[in-house]
Every structure is written in C-alpha cells, then in structure tokens.
Amino acid sequence: WAYSFQGRHEDAIAECKIAISVDPDFGNPYNDIGAYLVELGRLDEAIPWLERAKVAPRYEPRHFPHFNLARVYVKQGKIQEAIHELREAIRIEPGYTHARQELHRLLGMLN
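Quick look at the structure, then. The structure displayed is predicted, hence computed values, not measured ones.

Describing the overall build of the chain
Link 1 in the chain: Assigned secondary structure in the chain consists of seven helices and zero strands.
Link 2 in the chain: Put simply, the chain runs from its N terminus to its C terminus through helices and strands in the order α-α-α-α-α-α-α.
Link 3 in the chain: Counting only C-alpha atoms, the chain reaches 45 × 25 × 20 Å along its principal axes.
Link 4 in the chain: Expressed as a percentage of its 111 residues, the buried residues of the chain come to 43%.
Link 5 in the chain: Approximately 6300 Å² of the chain is accessible, and the part contributed by carbon and sulfur atoms is 54%.

This is how it looks when you write it as structure tokens:
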C-alpha cells in the first residue's frame, strides 16, 4: 500500500506478486493488484486478479473485489454487470456504504 500511496503502482504490484509467491491462498494481494491495475487504466488486466481474490481460500474482506470489479464494469460501460457485483458486495457486507451508494447511483442512471 505504501508504494501505491506514493503513486508507485508498478512497485506495489511487484510486492503483491512476492506476497502471492509466499502465500498463494491469501486473497488481499490479488485484490490489491486488481485495484492498482484499475488505477492504471488497465481494466482488462485487472479482471482476472479480482476474480482470483473472490475465490481465494483465505480472504476476509470478500466484498472488496466485487466492488473493484464494479468499478471496472462501470468504466467499460457494463452497468448491469456492475450492478450485479455491487449487489454481491452488499450481500457479503451489508454495511458497506460505498457499495450501497454506487448501487443507488447506477440504478438511478437506469431510470
């Protein structure tokens, strides 16, 4: 995270890959790589990393990759897919305010 806060996303991705090599079951680095790729505008590249985070055997904040996938789909103009991911994020973590706000925003766009 420190590298990402400094705008050094490539360095952050490299560190996440090291973490994955140490413990491939831990989901956080998969989600983080996906999020960094979103920030870099590399949306198609981000999707498989976020999908891996969703199914990682050890990963507590499972709602994060769903929210990040929603960000990808919004940028790609895939609003229905984004809505699906946001609903899943809220199902996993009902109190996730950012997902609820984004879901309401997208639903409002459809009306």
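Having put the structure on the table, let's press on.
Digging into the pattern of salt bridges
Link 1 in the chain: For the structure on display, the rule yields nine salt bridges.
Link 2 in the chain: For the salt bridge of E45 with R42, the shortest nitrogen-to-oxygen distance reads 2.9 Å.
Link 3 in the chain: Judged by its relative accessible area of 40%, E45 is partly exposed.
Link 4 in the chain: The class for R42 is partly exposed, based on a relative accessible area of 29%.
Link 5 in the chain: Linking E51 and K54 is a salt bridge whose minimum nitrogen-to-oxygen distance equals 3.2 Å. Residue E51 and its partner K54 are both found in helix α4 (residues 43-55); the two are separated by three residues, about one turn of the helix.
Link 6 in the chain: Its relative accessible area of 30% is what places E51 among the partly exposed residues.
Link 7 in the chain: Taken together, the shared-partner salt bridges in this structure form one network comprising E10, R42 and E45.

Brief notes about the side chain of D32
Link 1 in the chain: Inspection of the secondary structure puts D32 in helix α3 (residues 28-39).
Link 2 in the chain: Buried charge without a partner: D32 forms no salt bridge, and the closest opposite charge is R71, 9.4 Å away.
Link 3 in the chain: Of note is the side chain of D32, whose polar atom sits 3.2 Å from the side chain of W1.
Link 4 in the chain: Those residues within four positions of D32 in sequence are excluded, and the remaining contacts are W1 and C16.

Basis of the calculations
Residues numbered from 1 in each chain as written. Predicted model: local features only at pLDDT ≥ 70, side-chain atom pairs only at ≥ 80, totals over all residues. Heavy atoms only, no water. Helix = DSSP H or I, 4+ residues; strand = E, 2+ residues; numbered from the N terminus. Buried < 20%, exposed > 50% of the residue type's maximum accessible area, 1.4 Å probe, protein only. Areas by Shrake-Rupley, 256 points an atom, 1.4 Å probe, with all protein chains shown as cover. Salt bridge = Lys/Arg side-chain N within 4 Å of Asp/Glu carboxyl O. Lys, Arg positive; Asp, Glu negative; His and termini not counted. Polar contact = N/O pair within 3.5 Å; in protein donor to acceptor, adjacent residues only side chain to side chain. Contact = heavy atoms within 4.5 Å.

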